[in-house]
Amino acid sequence: MAIGSKELTPSELDTFDEERLLEELRKAKEELFNLRFQSATGQLESHGRLRAVKRDIARIYTVIRERELGIRATPVVLDTPKAEKKTRAKKAAPAAEAEAEPADAEPAKTEEEAE
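Description of the structure in this document. (Residues numbered from 1 in each chain as written. Predicted model: local features only at pLDDT ≥ 70, side-chain atom pairs only at ≥ 80, totals over all residues. Heavy atoms only, no water.)

1. Here we look at the nonpolar core
Step number 1: Grouped together as the largest cluster of nonpolar side chains are 15 residues, with contacts concentrated most on L13, L21, V53, I57 and I60.
Step number 2: Looking at this core, the elements with two or more residues in it are α2 (18-41) and α3 (48-69).
Step number 3: Looking at this core, the element that brings in the most residues is α3, giving 6 residues.
Step number 4: With sequence-adjacent residues up to four places away left out, I57 is seen in contact with L25, A28, K29 and L32. (Core = buried A, V, L, I, M, F, W, Y, C linked by side-chain atoms within 4.5 Å. Buried < 20%, exposed > 50% of the residue type's maximum accessible area, 1.4 Å probe, protein only. Helix = DSSP H or I, 4+ residues; strand = E, 2+ residues; numbered from the N terminus. Contact = heavy atoms within 4.5 Å.)

In structure tokens form, the structure reads like this:
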């Protein structure tokens, strides 16, 4: 990659999840807007930055589209200790509800069955 942000290389974008990609896309579009505004008012110092930001936007769109088509794999999110605790708590909650309801209780009858 000759031009563009150093932190937005294709290999770096592969590690981003969907939310992070969309956030980077939003930031790049906002930067492009500001650069165009500076260019129109004659305040832009680096015209090459316009080209770099456009390429970053195109690169992000490419990664998003390749993921939609299944060409590029979506990164696997590793569970952190905090996420494991939340997952365990969610798994334990249905078990607690099942214990609260007696096993020999009959299921509620619908209106059709009651007639």
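Okay, back to it.
2. Remarks on the environment of L8
Step number 1: Within the secondary structure, L8 sits in the segment before α1 (10-14).
Step number 2: Linking L8 and D56, residues 48 residues apart in sequence, is a C-alpha distance of 6.8 Å.

3. Things to note about the packing of α2 against α3
Step number 1: Taken N-terminus to C-terminus, the directions of α2 and α3 make an angle of 155°; their axes are 9 Å apart at the nearest point. Classified by the interaxial angle, the pair formed by α2 and α3 is roughly antiparallel. In terms of crossing hand, the pair formed by α2 and α3 is left-handed. Seen from α2, the contacting residues are E18, L21, L22, E24, L25, A28, K29, E31, L32, L35, R36 and S39; seen from α3, they are R49, L50, V53, K54, I57, I60, Y61, V63, I64 and R67. (Axes fitted to C-alpha atoms, helices over the stretch in contact; angles between N-to-C directions. Parallel < 35°, antiparallel > 145°, perpendicular 65-115°, else oblique. Left-handed = near helix turned anticlockwise from the far one by under 90°.)

4. Looking at the environment of I64
Step number 1: Mapping I64 onto the fold places it in helix α3.
Step number 2: Given a relative accessible area of 13%, I64 falls into the buried group.
Step number 3: Each C-alpha atom, one on I64 and one on D17, is 9.9 Å from the other, the two residues being 47 residues apart in sequence.
Step number 4: Leaving out residues up to four positions away in the same chain, I64 has contacts with L21 and L22.

5. Section: the packing of aromatic side chains
Step number 1: In total, this model carries 1 aromatic pair according to the counting rule given.
Step number 2: The ring of F16 has R20 sitting right over it, with the charged end atom 4.0 Å from the ring centre. (Phe/Tyr/Trp six-rings, centres within 6.5 Å; stacked < 30°, edge-to-face > 60°. Lys NZ or Arg CZ within 6 Å of the ring centre and 35° of its normal.)

6. A short note on the pattern of salt bridges
Step number 1: The tally for this structure, following the rule as stated, stands at 10 salt bridges.
Step number 2: Put simply, R49 and E31 hold a salt bridge, and the shortest N to O gap is 2.9 Å. With R49 in helix α3 and E31 in helix α2, this residue pair connects regions lying 18 residues apart in the sequence.
Step number 3: Assessed through its relative accessible area of 28%, E31 is described here as partly exposed.
Step number 4: For the salt bridge of R59 with D56, the shortest nitrogen-to-oxygen distance reads 2.9 Å. With R59 and D56 both in helix α3 and 3 residues apart, this pair spans about one turn of that helix. (Salt bridge = Lys/Arg side-chain N within 4 Å of Asp/Glu carboxyl O.)

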